[in-house]
Amino acid sequence: FSLNLAADCNAVLKALQPIFQEQGMTETVHNWEDHGYLVTYIKKNGSFANLRIHPHGLVLVDLQSYNDHMKGREEVDQLLNKVEERIKELFHGNIKRVKRLPAILRGGVIDRYWPTADGRLVEYDIDEVVYDEDSPFQNIKILHSKQFGNILILSGDVNLAESDLAYTQAIMGSGKEDYTGKEVLILGGGDGGILYEIVKLKPKMVTMVASNIDQMVIDGCKKHMRKTCGDVLDNLKGECYQVLIEDCIPVLKRYAKEGRMFDYVINDLTAVPISTSPEEDSTWEFLRLILDLSMKVLKQDGKYFTQGNCINLTDALTLYEEQLSRLYCPVEFSKETVCVPSYMELWVFYTIWKKQPDI
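Please read these numbers as outputs of a predicted model, since none were measured by experiment. (Residues numbered from 1 in each chain as written. Predicted model: local features only at pLDDT ≥ 70, side-chain atom pairs only at ≥ 80, totals over all residues. Heavy atoms only, no water.)

### What to know about the sheet that holds strand S12 (residues 157–161)
Read across the sheet, 4 strands follow the order S9-S10-S11-S12 without closing on themselves; strand pairing throughout is antiparallel. If you trace the sheet from one side to the other, it starts and ends with strand S9 (126–134) and S12, each paired once. When the angles between neighbouring strand axes are averaged without regard to direction, this sheet yields 25 degrees. Taken together, the 6 bridges between strand S10 (residues 139–145) and strand S11 (residues 149–154) define a ladder with antiparallel strand orientation. Residue pairing in the sheet places Ile-140 in a bridge with Leu-154 of S11. (Pairing = 2+ DSSP bridges. Helix = DSSP H or I, 4+ residues; strand = E, 2+ residues; numbered from the N terminus. Axes fitted to C-alpha atoms, helices over the stretch in contact; angles between N-to-C directions.)

And the structure:
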C-alpha cells in the first residue's frame, strides 16, 4: 500500500491485529522509532506473515504459507482481502496505490522462474520437466511451456523454444538472403534450428560446428525439440550438410589456413557479455577472436550473422560494436531488433560484412 500521507504506524498495527489474531497467529513487534515497525505473525502450521510499516507512507504485507492445495490458497486470499479492506477503511481516500503480486511458489518440483538478460524475473507457464541432465560441460534442461512449447535451457540460460522461429529467421538474415548453392558455416546452433531452416533453402553445403562440444545437447534436442530441428540432427551428415562436434576455434584456424571460404557465417554462440567488468575480458577476447577468424573464412562479398543481446543492455551492445572496429580488416554492420517469444524481451541481431575497397 502506497499512501498519500505519513503512516501512523501504531494505528496500522492496531487495525490489522484482529485479522491475524483470528488466524491463531503469534505476534512479535519490532519498533525502530523513526524507521517504523516490523511485525511478524507466526501460525502453528509454519505459515507466517511480515507486516512492514514505513512512516513515510508505505505498508508492506508478505505472507508465506505451506499450503499447496486450493483450499489453502483460498484461505490466503481471504486473509489478504481482509487486510486490504481494513487498510482502505483506515485511510479512506488517502491511498495512492494498492498492488498485490502473484504468489511465488518456492521449492516446487517444476522451476517456473527464469531471469531475462536484463535481470527481470519472469514466471513461465512451465508444466513439465521434459529433460534434465548434467553433461560434463553444463546442465541441460528442456521444459515444456503451455505457450512456447519445449524450451531449451543451458546452465540456467533460456536458449530457444519451439515457438522461437523469429530468432532463427533473424539470425539467418530475416528472409532477405538467397542461400541457393551457397557455402554456409554455422558456429554453435546445437538445437538444430538454423541448420533445419537453411537446408530447406537448397544450399551447396552447410557445415555446422556445434562448439559446445556437447553431444548431450544434440541428443536432447533431436528427441525433444523436433518442431525446431526436424530430422537434421538424426544423422551428423546429410546430402548438403555436416555437423562437427568440435571446438570452433581450431576448426576456424584450420579452414583459414586451408583457404576455405564461405558465403555466410552464422554465429549462434554466446550472446554479447552482459557484464563489462574485468573478469569478462576473456569473453570479449573470445568474441573478438571468433570475429577475426570468421572474417578470414568469409568471402569478400559474404555476410556474417550473429545475435547481440537484449535491447535494454545498451552499454554491452555499444562495447560489442566497439570490438568491430578492432578487427584485422575493416567491417561495416547493420542491426535489427526482433521480439523473440520465449525471451519475453526484444533482442538485437547483427549483420556484419567486410568493407569494400574504394575504387
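### A few points about the state of the cysteines
A full pass over the atoms with the stated rule returns 0 disulfides. Not part of a disulfide, Cys-221 finds its nearest cysteine sulfur in Cys-229, a span of 6.4 Å. Here Cys-221 falls in the buried class, since its relative accessible area comes to 0%. Take Cys-339: it sits in no disulfide, and the sulfur closest to it among the cysteines is that of Cys-310, at 11 Å. Taking the relative accessible area as the measure of exposure, Cys-339 reaches 48% and is therefore partly exposed. (Disulfide = S-S within 2.5 Å. Buried < 20%, exposed > 50% of the residue type's maximum accessible area, 1.4 Å probe, protein only.)

### Re the side chain of Thr-306
Tracing the chain through its elements places Thr-306 in strand S17 (residues 298–310). Polar contacts involving the side chain of Thr-306 include one to the main-chain carbonyl oxygen of Asn-267, which spans 3.1 Å. What Thr-306 contacts, discounting residues up to four positions off in sequence, is Ile-171, Asn-267, Tyr-320, Phe-349 and Tyr-350. (Polar contact = N/O pair within 3.5 Å; in protein donor to acceptor, adjacent residues only side chain to side chain. Contact = heavy atoms within 4.5 Å.)

### So, the packing of aromatic side chains
Applying the stated criterion across every chain yields a total of 10 aromatic pairs. The rings of Tyr-167, Tyr-343, Trp-347 and Phe-349 are connected pair by pair, giving a single aromatic cluster. The ring of Tyr-255 carries Arg-260 above its face, with NZ or CZ at 4.7 Å from the centroid. Sitting over the face of the ring of Tyr-328, Lys-296 holds its NZ or CZ atom 5.5 Å from the ring centroid. (Phe/Tyr/Trp six-rings, centres within 6.5 Å; stacked < 30°, edge-to-face > 60°. Lys NZ or Arg CZ within 6 Å of the ring centre and 35° of its normal.)

### Looking at the confidence of the model for the chain
Overall, the prediction assigns the chain a mean pLDDT of 91, with 94% of residues at 70 or greater. Per-residue pLDDT stays below 50 along residues 274–280; that stretch engages in 8 contacts with residues further than four places along the chain or on separate chains. (pLDDT = per-residue confidence, 0-100.)

### Let's talk about the environment of Tyr-343
Among the secondary structure elements, Tyr-343 is positioned in the loop between strand S18 (331–340) and strand S19 (345–354). For Tyr-343 and Asp-164, which are 179 residues apart along the polypeptide, the C-alpha to C-alpha distance reads 8.7 Å. In this view, Tyr-343 contacts Thr-116, Tyr-124, Val-158, Asn-159, Asp-164 and Tyr-167; residues no more than four positions away in its chain are not counted.

### Regarding the sheet that holds S19
Taken together, the 7 strands give an open sheet; going across it, the order is S15-S14-S13-S16-S17-S19-S18, and neighbouring strands pair in mixed fashion. Every interior strand has two partners, whereas the edge strands, strand S15 (241–244) and S18, have only one. Mean inter-strand twist for the sheet, computed between neighbouring axes without regard to direction, equals 15 degrees. Note: strand S13 (residues 183–188) against strand S14 (residues 205–209), 5 bridges, orientation parallel. Pairing of Val-184 across the sheet is with Val-206, part of S14.

### Comments concerning the domain arrangement of the chain
Taken as a whole, the chain is organised into domain 1 (2–97) and domain 2 (162–354). Distance from the C-alpha centre of domain 1 to the C-alpha centre of domain 2: 52 Å. (Domains from an automatic or database assignment.)

### Comments concerning the pattern of salt bridges
Scanning all chains against the criterion turns up 15 salt bridges. For Glu-345, the salt bridge identified is with Arg-120, shortest N-O distance 3.7 Å. Within this pair, whereas Glu-345 is found in strand S19, its partner Arg-120 is found in the loop between strand S7 (113–115) and strand S8 (121–123), the two being separated by 225 residues in sequence. Notably, a salt bridge pairs Asp-234 with Arg-226, separated by 3.0 Å at the nearest N-O pair. (Salt bridge = Lys/Arg side-chain N within 4 Å of Asp/Glu carboxyl O.)

### A few points about the pairing of strand S16 (residues 262–268)
In terms of residue burial, S16 counts as a mostly covered element, since 7 of its 7 residues are buried. Note: S13 against S16, 5 bridges, orientation parallel. Within the sheet, the bridge partner assigned to Leu-187 lies in S16 and is Asn-267. Direction of pairing for S16 relative to S17: parallel, over a ladder of 5 bridges. Pairing of Asn-267 across the sheet is with Thr-306, part of S17.

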